[in-house]
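Read off the chains here:
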There are 2 protein chains.
Amino acid sequence: MTLVEEIHVANAAYVNHRPKGQLPLPPARKVAIVTRTASLILLSSLSIMLLQCMDARILPASAFGLQEGDAHVIRNAGGRTPEALRSLVISQQLLGTETIIVAQHTDCGMLTFENKDIHAVIHKNLHGADATHIDFLPFPNLEQNVRDDVAFLRNHELIPKTVDIHGYIYDVATGRLVPVNSE
Amino acid sequence: MTLVEEIHVANAAYVNHRPKGQLPLPPARKVAIVTRTASLILLSSLSIMLLQCMDARILPASAFGLQEGDAHVIRNAGGRTPEALRSLVISQQLLGTETIIVAQHTDCGMLTFENKDIHAVIHKNLHGADATHIDFLPFPNLEQNVRDDVAFLRNHELIPKTVDIHGYIYDVATGRLVPVNSE
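Residues numbered from 1 in each chain as written. Chains lettered and ligands numbered in written order. Predicted model: local features only at pLDDT ≥ 70, side-chain atom pairs only at ≥ 80, totals over all residues. Heavy atoms only, no water.

A. The packing of helix 5 (residues 81-95) of chain A against helix 5 (residues 81-95) of chain B, seen in detail. At a minimum axis separation of 11 Å, helix 5 of chain A and helix 5 of chain B run at an interaxial angle of 150 degrees. As the angle between them shows, helix 5 of chain A and helix 5 of chain B are arranged roughly antiparallel. In the crossing of helix 5 of chain A with helix 5 of chain B, the sense of the turn from one axis to the other is left-handed. Contacts between helix 5 of chain A and helix 5 of chain B involve Glu83, Arg86 and Ser87 of chain A on the former and, on the latter, Glu83, Arg86 and Ser87 of chain B. The residue makeup of the contact of helix 5 of chain A with helix 5 of chain B, split by class, is no nonpolar, 2 polar and 4 charged. (Axes fitted to C-alpha atoms, helices over the stretch in contact; angles between N-to-C directions. Helix = DSSP H or I, 4+ residues; strand = E, 2+ residues; numbered from the N terminus. Parallel < 35°, antiparallel > 145°, perpendicular 65-115°, else oblique. Left-handed = near helix turned anticlockwise from the far one by under 90°. Contact = heavy atoms within 4.5 Å. Nonpolar A, V, L, I, M, F, W, Y, C, P; charged D, E, K, R; others polar.)

B. Up close: the nonpolar core. Counting 74 residues, the largest nonpolar core has Ile90, Ile122 and Phe136 of chain A together with Ile90, Ile122 and Phe136 of chain B as its most contacted members. For Ile90 of chain A, the residues in contact, after removing those within four places along its chain, are Leu95 of chain A together with Met54, Ala77, Met110, Phe113, Ile118 and Phe136 of chain B. (Core = buried A, V, L, I, M, F, W, Y, C linked by side-chain atoms within 4.5 Å. Buried < 20%, exposed > 50% of the residue type's maximum accessible area, 1.4 Å probe, protein only.)

C. Inspection of helix 5 of chain A at higher detail. All names here are of chain A. With 15 residues, helix 5 extends only 18 Å from end C-alpha to end C-alpha; this falls clearly short of the ideal 21 Å at 1.5 Å per step. Taking the largest bend as the criterion, helix 5 deviates by roughly 40 degrees, centred on Ser87. Among the 15 residues of helix 5, 14 are classified as buried, and the element is accordingly described as predominantly covered. Backbone geometry just downstream of helix 5 places Gly96 in the positive-phi region, at approximately 75 degrees. (Expected span 1.5 Å × (residues − 1). Bend = angle between axes of the 7 residues up to and from the residue.)

D. A look at the UniProt feature "binding site: Zn(2+)" (unreviewed entry) in chain A. The sites that carry the UniProt feature "binding site: Zn(2+)" (unreviewed entry) are, in the present numbering, Cys53, Asp55, His105 and Cys108 of chain A. Judged by maximum C-alpha separation, these annotated positions cover 56 residues in sequence but sit close together in space, the widest gap being only 8.8 Å. Structurally, the position occupied by Cys53 of chain A is in strand 1 (residues 48-53). Apart from residues no more than four positions distant in its own chain, Cys53 of chain A is found in contact with Ile58, Arg75, Asn76, Ala77, Gly78, Gly79, Ala103, His105 and Cys108 of chain A. Mapping Asp55 of chain A onto the fold places it in the loop between strand 1 and helix 4 (60-64). On the basis of relative accessible area, Asp55 of chain A is assigned to the buried category, the value being 8%. If sequence neighbours within four positions are ignored, Asp55 of chain A has contacts with Arg75 and His105 of chain A together with His72 of chain B. (UniProt positions renumbered as here; feature names shortened; annotations may be inferred.)

E. Main features of the interface of chain A and chain B. The interface of chain A with chain B comprises 79 residues on the first partner and 79 residues on the second. Carbon and sulfur atoms supply 66% of the area buried between chain A and chain B, which totals about 7100 Å² over both sides. Contact with chain B buries area across many residues of chain A, yet Met54, Arg57 and Arg86 of chain A alone supply 11% of it, more than any other trio. Across the chain A-chain B interface, the total number found is 2 salt bridges. The closest approach of N and O atoms between Arg86 of chain A and Glu83 of chain B, which form a salt bridge, is 2.8 Å. Of all elements in the fold, only helix 1 (3-17), helix 3 (36-42), helix 4, strand 2 (71-76), helix 5, strand 3 (99-105), helix 6 (115-125) and strand 4 (164-170) of chain A reach the threshold of two or more residues within the side of chain A that touches chain B. Residues of the side of chain A that touches chain B, tallied by class, amount to 47 nonpolar, 18 polar and 14 charged. (Buried area = accessible area lost by both parts, 1.4 Å probe. Salt bridge = Lys/Arg side-chain N within 4 Å of Asp/Glu carboxyl O.)

Okay, here's the thing in structure tokens:
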């Protein structure tokens, strides 16, 4: 069975066994007549945005006790806030979330290379392709990067000062979240 | 208890009870002496990248049967591939993944607005702030958008033709994954 076939099998089992009563489909919870506009407003009962790395060792639902409906989860390489800005603004402005949790993690691959390294790998592997215009957003210091990424949001004109922003380091060896204090 | 405090409590419970034997930390699985370079190479046993929307109703681990270590999970508003390109290239070029699953979903908030709408909301809510330079990547047709986002990757010079790319619609009402055939 290929990996994709395994996902099909797992999904079929999920469809049959998922706890339907726990699914917080916002229209079902709050109103009988649903329009597109109404569903946007109703989603405002959500309040958390969780930003994390794509790393395969992290399962946000398990590590942070999230149930379906609890939080918007944004993930990219490194859990970088500049790239997440579009999603964060949509979440905050259209869906009413008010708390952002930035959780980057120990042993992150983004600590292991610089832009020039990946530009060279791409040039070699992809027949001379030029990706030097792309900033892959690696970083050399995890704790400082959490501070910088939190500061990026706190100082951004599209994120209101009323939004509560927390920075954490997630230890992939223990599963523990450690708060990073701002400077 | 605030939502953030609830996450702290949930994380403390996770740290105490997580199944340590199941954590596929690549260095532990394959080699005793770990260097940054080595850990990058070792992670090449991963093979799937899963791209999804940030929507709170989706728990990828449950819906797709993922365990810790199975897949890179990239999530943004809409599950859009253009914004995910940086992460996908890092995953493919540095970590050796070979399959991309693009799963966008029914009842997506990105179907409910256009750029001019969110630009106006921002202008009104944030004291005249101008976000008209940002494309928030909304889309009017879900199935066509999956096709377009898959085609974006298939035609991109930084994604090798050998990478296997699958498009799906995830039905948030039933939990079912439905394949979207390319045109």
